[in-house]
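Single-letter residue listing:
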Amino acid sequence: MASDLQVKTSPRPQSRLALEVVVPAERCQRSYDKAMRKLCRTVRLPGFRPGRVPQTAVLQQLGARQVWITALEQLLEDTAQDVLNDEDLALLGKLQLQDSFDALAQQFNPGESLTLNMEADVRPSATLKAYRDLEVEVEETSSEGMLADELEQRRRSASTTVPLERTTAEMGDVAVIKLVLPPPDGLDEEESPGPREREMEVELDEEDETMSRVVSLIVGMTVGETRTLPSETNGDDANEGGSETENNGPARQDLGQDDETNRVSITLCGLKARRLPELDDAFAQKVSRFSTMAELKEALGREIDRQVQENNKENRQDALLDMLCEEMEVELPQSMVEKEMEVVMEDFKDKLRARGVNPDFRLSDKLLEQLEPVKLEEARRRLQRNLALETVARAEQLTVAETELEDQIQALRKRLKARRASKLDPTKLRIFVKTGLLREKALAWLEEHNSFKVRTAMAENGEEAQSSPALTSEPTESIHEQI
């Protein structure tokens, strides 16, 4: 911070800090002189060349009060920036002026000192009641049955579909449908940007919970029939094909529609049956680099065991951090929560992209309203965990070796595109990487100094197998810029 500022601080609730900043007379005068020079360059008056208007003419045209207001605006901007740059204060977000601008304008006078009252969020101070010698209950999964699930998934991926002569949709079929979406935000079709129709295949599977309501709508339809998802608000069962369906309102809600005039229609275009290949050596050669089913099963078994071990380790860490947060006292500042919320929402969009869903598709206000508290709780949970780990790292005086820090910084730069890496602030990047390493060391320390009471549970069919990576896939990582 500039040495000419005098700052007194006092804590406020919710991890906020009140600041009384005394701006010396010399700085007030400099702001006035700076504002006057700027006005002389920018004010346009008849009879004077641009940029050469004298001060007396500016004062006569604008009035001394207006010049003082311009000087005060510049003074507040410069002073706030100096206060925010003070590393000792460690302020978050923006400074909030507690005095009204009109009141300050009445007090401001070039050549006299000015007192500013401000508030800002600060990094919270967390207190842990206990963090060592805890007994943590955790549920771990077994890999039994997961090999069969993984093989079944690969079998379905290698399957083919053949047209059915039957014209009525039944459970187990593959339905070819045309999905027609309404224009966004109530626009007419002519104003709607881009096509609103999409043809897709839907597995009529009872186990697919994400599509259960759509599946229940399609089952019983005949080829060529169209059904419309009516508004949830009026419970209307009307549809273009004259059919009645159950739970149409919730199905429509899943698709982000909440206006009776904006309806989604589904047309059944055709039906197919899935043909699964035999689990033989030919299948192994088709779906992997192995020559026999025995080799494929052995490799998959090793990969599943590794994945289960990683999942169980994550389960232990999650249970430990949850218990740690229960033993922690902390007040999260709003600006910190809002910033973390942005990261959480970006993660959510990444998951949508991974599933082939366009995250830029505008969801309804009602759906966003339902989503926000869930994501807000996730953001708070993330922050609490990170603060708990940082508190442990400080308490146990954990450190990061310089060579380890430099290696991690270089590794992060390599993972990022050269253009993005060149734009990173070196100081902030260093702090970001060091903080991450300290959290990892704190987590390892916690696992070593606490005990776990383990309950073993069988993995649900398909659930764990879906998280197992294919043997030929490359590891990927999504990095959000927080620096």
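That block above? That's the structure.
This one's a predicted model, so the numbers in the text were calculated from it and none came from an experiment.

Engineer: Before we move on, can you summarise the nonpolar core with the specific residues and values?
Structural biologist: One finds V21, L72, V83, L91, L95, L114 and L116 to be the most contacted residues of the largest nonpolar core, which totals 34 residues. At 7 residues, the largest contribution of residues to this core is made by helix α3 (residues 64–84). Setting aside its immediate chain neighbours within four residues, V21 contacts L5, Q6, V7, T79, V83, L114, T115, L116 and M118.

Engineer: How would you explain the pattern of salt bridges if you had to name every residue and give the values?
Structural biologist: Counted by the stated rule, this structure contains 34 salt bridges. As a salt-bridge pair, E329 and K129 come within 4.0 Å of each other at their nearest N and O atoms. One end of the pair, E329, is in strand β12 (residues 328–329); the other, K129, is in the loop between β5 (127–128) and β6 (135–142), and 200 residues separate them in sequence. Taking relative accessible area as the criterion, E329 reaches 47% and is therefore assigned partly exposed.

Engineer: Got a sec to walk through the packing of aromatic side chains? Specific residues and values, please.
Structural biologist: According to the stated counting rule, one finds 1 aromatic pair in the structure shown. With 5.7 Å between their ring centres and 50 degrees between their planes, Y131 and W445 make a pair best called tilted. In this pair, Y131 sits in the loop between β5 and β6 while W445 sits in helix α14 (residues 426–448), placing the two residues 314 residues apart along the sequence. W445 shares its class with Y131; the two are buried.

Engineer: Give me the pairing of strand β4 (residues 114–122): which residues, what numbers.
Structural biologist: Of all 9 residues in β4, 7 are buried; the element is thus mostly enclosed. Where strand β2 (residues 16–23) meets β4, 8 bridges bridge the pair, whose relative direction is antiparallel. Counted as the bridge partner of L17 is A120 from β4. Here strand β3 (residues 91–97) runs beside β4; their pairing, made up of 4 bridges, is antiparallel.

Engineer: Requested: an account of the sheet that holds strand β1 (residues 6–12), with residues and values cited.
Structural biologist: Taken together, 4 strands build an open sheet; the order of strands is β1-β2-β4-β3 and the sheet is antiparallel. The open sheet has two free edges, formed respectively by β1 and β3, since each of these has just one partner strand. Here the strands of the sheet are splayed against their neighbours by 25 degrees on average, with no regard to which way each runs. Bridge count for β1 against β2 is 7 bridges, and the pairing is antiparallel. Considered in β2, the bridge of V7 is made with V21.

Parameters and conventions
- Residues numbered from 1 in each chain as written.
- Predicted model: local features only at pLDDT ≥ 70, side-chain atom pairs only at ≥ 80, totals over all residues.
- Heavy atoms only, no water.
- Core = buried A, V, L, I, M, F, W, Y, C linked by side-chain atoms within 4.5 Å.
- Buried < 20%, exposed > 50% of the residue type's maximum accessible area, 1.4 Å probe, protein only.
- Helix = DSSP H or I, 4+ residues; strand = E, 2+ residues; numbered from the N terminus.
- Contact = heavy atoms within 4.5 Å.
- Salt bridge = Lys/Arg side-chain N within 4 Å of Asp/Glu carboxyl O.
- Phe/Tyr/Trp six-rings, centres within 6.5 Å; stacked < 30°, edge-to-face > 60°.
- Pairing = 2+ DSSP bridges.
- Axes fitted to C-alpha atoms, helices over the stretch in contact; angles between N-to-C directions.

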